[in-house]
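# Structural overview for review
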Amino acid sequence: MAIARIADIPFERRDVLELLALEHDRLGVDADYAGFGWALADRVTLQAPDRPPVVVDAPVIVALHSADEQPTADDIELLFEVGEQSLLVPLSAFLPRVLAEVPGDRPLVLALCNPGMVELPAGPRPLYFALGDVTSWLDHGDAGPNLRLSARRWRYRGEP
């Protein structure tokens, strides 16, 4: 099926470990991974250098993939690879679909590289997004596994 509009992109709920490419222990980041979708998590830790980590309880994690080339400084161009088809969609056009499809009023955490460090506007629900590249990690500790997203900086829009 050819995808002709944003509503045709198969943006679906997935297991959080599969969504973030954490199903298997890995030593480094899989730079070729371009998965997308959303998942519910108990918590996620947002880490940035020289800043205290931020723990977000009960987030909806939305994983998207930014295109290598970003033609504008005020939006993030997303790349969706579906079968043999590659689609470029501005985040500003795709985000309303995300808001319509993910449940409840849980905070959104965008696992999305933002190479142009675009500042996103506030929306109808709490939103965490990164400035720079995002990497995902699964830490194993005494309290059990912990999801961690690392970026240069994290921004928050909304009421805590």
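You'll find the structure just up there.
Residues numbered from 1 in each chain as written. Predicted model: local features only at pLDDT ≥ 70, side-chain atom pairs only at ≥ 80, totals over all residues. Heavy atoms only, no water.

## Remarks on the side chain of Asn 114
The line we're drawing: Going along the chain from the N terminus, every DSSP run of H or I of four or more residues is numbered as a helix, and every run of E of two or more is numbered as a strand. Contacts are residue-level and defined by heavy atoms, with any inter-residue pair within 4.5 Å sufficient.
Along the chain, Asn 114 falls in the loop between strand E7 (108–111) and strand E8 (127–141). Once you skip the residues sitting within four places of it in the chain, Asn 114 turns out to touch Ile 76, Phe 129, Ala 130, Leu 131 and Gly 132.

## Let's talk about the pairing of strand E4 (residues 60–63)
Basically, it comes down to this: Each residue is placed in one exposure class: buried if its accessible area under a 1.4 Å probe, protein chains only, is under 20% of its type's maximum, exposed if it is over 50%, and partly exposed if it falls in between. Between any two strands, at least two bridges found by DSSP are needed for them to pair.
Neither face of E4 is left uncovered, since the one carrying Val 60 and Val 62 and the one carrying Ile 61 and Ala 63 both have all their residues buried. When E4 meets E7, the two strands line up parallel, connected through four bridges. Residue Ile 61 lies in a different strand from E7, and its bridge partner there is Val 109.

## Some details on helix H2 (residues 91–101)
Worth spelling out the cut-off: Read the arc as the range of directions from the helix axis to the C-beta atoms.
Of the residues making up H2, those classed as buried are Leu 91, Phe 94, Leu 95, Arg 97 and Val 98. Buried residues along H2 cover an arc of 165 degrees about the axis, so they all sit on one side. Looking at the buried residues of H2, the elements they touch are E4, strand E5 (77–82), strand E6 (85–90) and E7.

## Side note on the environment of Leu 78
Inspection of the secondary structure puts Leu 78 in strand E5. On a C-alpha basis, the gap between Leu 78 and His 65 in space is 5.7 Å, while along the polypeptide they are 13 residues apart. Ignoring sequence-local partners within four residues, the contact set of Leu 78 consists of Leu 64, His 65, Ser 66, Ala 67, Leu 87, Leu 88, Val 89, Leu 91, Phe 94 and Leu 112.

## Structural notes on the pattern of salt bridges
Applicable threshold: Throughout this description, the term salt bridge denotes a Lys or Arg side-chain nitrogen within 4 Å of a carboxyl oxygen of Asp or Glu.
The final tally for this structure, using the stated rule, is seven salt bridges. A salt bridge links Glu 18 to Arg 14; its shortest N-O distance comes to 3.3 Å. Arg 14 gets classed as partly exposed once you look at its relative accessible area, which sits at 22%. Glu 119 is the salt-bridge partner of Arg 155, the closest N and O atoms lying 3.0 Å from each other. You can see Arg 155 sitting in strand E9 (residues 144–157) and its partner Glu 119 sitting in the loop between E7 and E8, a full 36 residues away along the chain. Judged by its relative accessible area of 28%, Arg 155 is partly exposed. Each member of the salt-bridge network shares a partner with another, and the members are Glu 119, Arg 155 and Arg 157.

What is shown is where atoms sit, not what they do.
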